[in-house]
Number of protein chains: 2
Amino acid sequence: MAMRVKEVADLVGISVRTLHHYDEIGLLTPDETTESGYRLYSDNNLQMLQQILFFKELGFPLKKIKDIIKSPSFDQQEALELHRKMLLEKRHRLNKMIATVDKTIQHSKGEIQMTSKEKFEGFDFSHNPYEQEARQRWGDDAVDNANTKLGNMSKAEQEAMSEEMSAIYTKLAALRHESPASEESQAAINDWYDFLNKMGHYSLDAFKGLGQLYVDDKRFTKNIDGFGEGLAEFLRDAMAIYADKKRK
Amino acid sequence: MAMRVKEVADLVGISVRTLHHYDEIGLLTPDETTESGYRLYSDNNLQMLQQILFFKELGFPLKKIKDIIKSPSFDQQEALELHRKMLLEKRHRLNKMIATVDKTIQHSKGEIQMTSKEKFEGFDFSHNPYEQEARQRWGDDAVDNANTKLGNMSKAEQEAMSEEMSAIYTKLAALRHESPASEESQAAINDWYDFLNKMGHYSLDAFKGLGQLYVDDKRFTKNIDGFGEGLAEFLRDAMAIYADKKRK
DNA sequence: AATTGACTCTCACGTTACGTGATGCTTTAT
DNA sequence: ATAAAGCATCACGTAACGTGAGAGTCAATT
């Protein structure tokens, strides 16, 4: 039961171009391709497309969606349960917006008072509220890349690890008793920032947030402090200072 | 009670860059600017920002939002009522998606059967479902540009109208008893297509849809048939043929 | 078998809505 | 006066497709 692009597109209500795009970026690869190059989508492809569209509806960028569904720990049953939960949360947020409209209508009729803050109740676009939970379930690719290597590697594998990364961590561990703002510490942090940006894109804000995550999340703290007791806290401070200083 | 960009951004949960962008495109212009160039947003600006964010939440592109709120017939009270209605509809759609997830969960447990079509119930991204109603309320800028000129102009104004547009319509009126597929008709339609694309961007699909709108909406039919009885239907057919042919 | 229209492919430029960093001026609190 | 926070403009970059071009493929009809 293979379907070609138009049939899928019409069934689902998306464009053929979207399906092309998803194939190009490796998000949804059709199970088959004809000799003439036609894409053939299977039932399983459709199932996966549903998952993709769920995550998309919840505001996830495609790259992130790809990371999630390609994650070894991704489980469709679990995803469906999480989707349900997230959709309920989204409905809750929508209810708040409706309540805000109702209050605004009353306000405009002079029936109630309303602060500027209240007028935006239910509007919070500063971050994707579902991202934290998705990360807990399926990890964070960039973070996991950096730390999976630390946590999952045998001693032999760790030795085979990038010398640069190892050198950076070792140097930082040696510096952890000094001030996180010292020139030496900041130079080493700069190396770490550059290294991370070779693996993926890190803004200064993301870098700073990552430092905080090293302390907040026990699995990260444990891995990092393996290089030296208290290194995670040192990194958090040094990375925050680095990001703030570099932003000026 | 003027607020600068950061205060507004923090209050609302959007970025300063977004406010800059909205100012640049003329969507939300601060009521005041200091001598040093700082933007100062008034209560009224905040009120309008709320409207903007409502429409944005409903999936409207910024250009369209701008068209709507700058429309002479735009009324805030009316907008709030419409927002409420649209948010309720959106919630309804969300309910359908939640039901779909529930069914998918049951399906994955083997409790029920489910068609591929059913798996995408509630997912319809093929068009913005709220756009038709917004258009009814506040018109369609491109369409209104073309037809406001036709309907609202006095005789003297019509004579002052672009000669090109007038010539096109007159030629099309003369051709309306011929086949919409004839070379002459198609050449005149090509002129009309080019002319419209000087005023704004029209894809072939949009062009074809516009032709349909000429027949579906009485105010358009009336204006167009003023050039010649039955011209609106002729245009619909000729424009559809043109779009389909040009697409090959 | 030929034809035609629908479908499909890749290519590639364009659009939309910002994110991000750089540079330099302005404001505010100490 | 100073330092930090805030603000401006500039401009390149990103994400997610939309759109049209040109050419090959498929399926139904003649």
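Just above, that's the structure.
Residues numbered from 1 in each chain as written. Chains lettered and ligands numbered in written order. Predicted model: local features only at pLDDT ≥ 70, side-chain atom pairs only at ≥ 80, totals over all residues. Heavy atoms only, no water.

1. Digging into the overall build of chain A
Cut-off, in case you're wondering: Going along the chain from the N terminus, every DSSP run of H or I of four or more residues is numbered as a helix, and every run of E of two or more is numbered as a strand. Partly exposed describes any residue whose relative accessible area lies between the buried limit of under 20% and the exposed limit of over 50%, with all areas from a 1.4 Å probe on protein chains only and scaled to the type maximum. Any two residues whose heavy atoms approach within 4.5 Å are treated as being in contact. Exposure was quantified through the Shrake-Rupley algorithm and a 1.4 Å probe, taking into account, for residues, occlusion by the shown protein chains and nothing else.
Counting secondary structure elements, chain A contains 14 helices and two strands. Out of the 248 residues in chain A, the part that is buried amounts to 44%. Pairs at least 24 residues apart make up 62% of the contacts formed inside chain A by residues separated by at least 6 positions. By element, 49% of the accessible surface of chain A is carried by carbon and sulfur atoms, the whole surface being about 12,900 Å².

2. Section: the interface of chain B and chain A
Stated formally: In what follows, salt bridge is the name for a side-chain nitrogen of Lys or Arg lying within 4 Å of a carboxyl oxygen of Asp or Glu. Think of a polar contact as two N or O atoms within 3.5 Å of one another; within protein, one of them needs to be a possible hydrogen donor and the other a possible acceptor, and neighboring residues in sequence only count if both atoms come from side chains. Amino acids outside the nonpolar list (Ala, Val, Leu, Ile, Met, Phe, Trp, Tyr, Cys, Pro) and the charged list (Asp, Glu, Lys, Arg) are all regarded as polar, and Gly is one of them.
The interface is formed by 40 residues belonging to chain B together with 40 residues belonging to chain A. Summed over the shared surface of chain B and chain A, the result is four salt bridges. A salt bridge links Glu57 of chain A to Arg93 of chain B, with the shortest nitrogen-to-oxygen separation between them at 3.9 Å. Taken together, the links from chain B to chain A amount to eight residue pairs in polar contact (both at pLDDT 80 or more). Mapped onto the side of chain B that touches chain A, the elements with two or more residues apiece are helix H1 (5–12), helix H3 (43–57), helix H5 (76–108) and helix H6 (116–119) of chain B. Broken down by element, the side of chain B that touches chain A gets its largest block of residues, 19 residues, from H5 of chain B. Considered class by class, the residues forming the side of chain B that touches chain A number 18 nonpolar, ten polar and twelve charged.

3. Focus: the relation of the copies chain B and chain A
Mapping between the two copies of the chain is achieved by a rotation about an axis and a shift along the axis. The cut-off we apply is this: To superpose the copies, least squares is applied to the C-alpha atoms of every residue with a pLDDT of at least 70 in both.
Under the fitted operation, chain B is carried onto chain A by 0.0 Å of movement along the axis and a turn of 180°, and the coordinates agree to an RMSD of 0.1 Å. The superposition of one copy onto the other is thereby described by a two-fold rotation axis. The rotation axis passes nearest to the C-alpha of Arg91 of chain B in chain B, at a distance of 3.2 Å. When the interface residues of chain B are mapped onto chain A, 100% of them again fall at the interface, so both copies present the same face.

4. A look at the nonpolar core
Definition in use: As used here, the term nonpolar core means buried Ala, Val, Leu, Ile, Met, Phe, Trp, Tyr and Cys residues forming a set that is joined through side-chain atoms within 4.5 Å.
Counting 72 residues, the largest nonpolar core has Leu19 and Leu49 of chain A together with Leu19 and Leu49 of chain B as the members making the most contacts within it. Once you skip the residues sitting within four places of it in the chain, Leu19 of chain B turns out to touch Val5, Val8, Ala9, Ile14, Leu28, Tyr41 and Leu49 of chain B.

5. Here's the deal with the protein's contact with DNA strand C
So the rule is basically this: One heavy atom suffices: a residue is near a molecule or strand as soon as one of its heavy atoms comes within 4 Å of it.
Residues in close proximity to DNA strand C total 22 residues, the closest being Lys6 and His20 of chain A together with Ser15, Tyr22 and Leu62 of chain B. Residue Leu62 of chain B places a main-chain N or O atom 2.5 Å away from a phosphate oxygen belonging to DNA strand C. Counting residues per element, the ones that place at least two in the surface near DNA strand C are helix H1 (5–12) and helix H2 (16–24) of chain A together with helix H2 (16–24) of chain B. Here the surface near DNA strand C takes four residues from H2 of chain B, the largest share from any one element. Among the residues making up the surface near DNA strand C, the classes are represented as eight nonpolar, seven polar and seven charged.

6. Some words on the pattern of salt bridges
Two side chains that carry opposite charge are able to pair once their charged atoms sit near each other. For the coordinates displayed, the defined rule picks out 16 salt bridges over all chains. Glu57 of chain B is the salt-bridge partner of Lys90 of chain B, the closest N and O atoms lying 3.5 Å from each other. Taken together, the residues Lys90 of chain B in helix H5 and Glu57 of chain B in helix H3 connect sequence positions 33 residues apart. For the pair formed by Lys90 of chain B and Glu57 of chain B, the shared burial category is buried. Between Asp67 of chain B and Lys63 of chain B there is a salt bridge; the shortest N-O distance is 4.0 Å. Placement of the pair is Asp67 of chain B and Lys63 of chain B together in helix H4 (residues 62–70), with a separation of four residues, close to one helical turn. Accessibility expressed as a relative area gives 22% for Asp67 of chain B, which makes it partly exposed. Look at Lys63 of chain B and you get exposed, because its relative accessible area is 60%. Each of Glu57 and Lys90 of chain A together with Arg93 of chain B takes part in salt bridges that share partners, so that together they form one network.

7. With respect to H3 of chain B
Residues and elements named next belong to chain B. Put simply, the rule is: To estimate how far a helix should extend, the number of its residues minus one is multiplied by 1.5 Å.
With 15 residues, H3 extends 21 Å from end C-alpha to end C-alpha; this agrees with the ideal 21 Å at 1.5 Å per step. Burial of H3 is extensive: twelve of the 15 residues sit out of reach of the surface. Within the span of H3, buried status applies to Asn45, Leu46, Gln47, Met48, Leu49, Gln50, Gln51, Ile52, Leu53, Phe54, Phe55 and Glu57. At the C-terminal side of H3, Gly59 shows a positive phi close to 95°.

8. Some points on the protein's contact with DNA strand D
For DNA strand D, the set of nearby residues contains 21 residues, the closest of which are Ser15 and Leu62 of chain A together with Lys6, Tyr38 and Arg39 of chain B. If you look at DNA strand D and keep only atoms within 4 Å of the protein, 78% of those are sugar or phosphate atoms. At a separation of 2.6 Å, a phosphate oxygen of DNA strand D approaches a polar side-chain atom of Ser15 of chain A. At the level of secondary structure, the elements contributing two or more residues to the surface near DNA strand D comprise H2 of chain A together with H1 and H2 of chain B. When residues in the surface near DNA strand D are grouped by element, the largest group, four residues, is from H2 of chain A. Among the residues making up the surface near DNA strand D, the classes are represented as eight nonpolar, seven polar and six charged.

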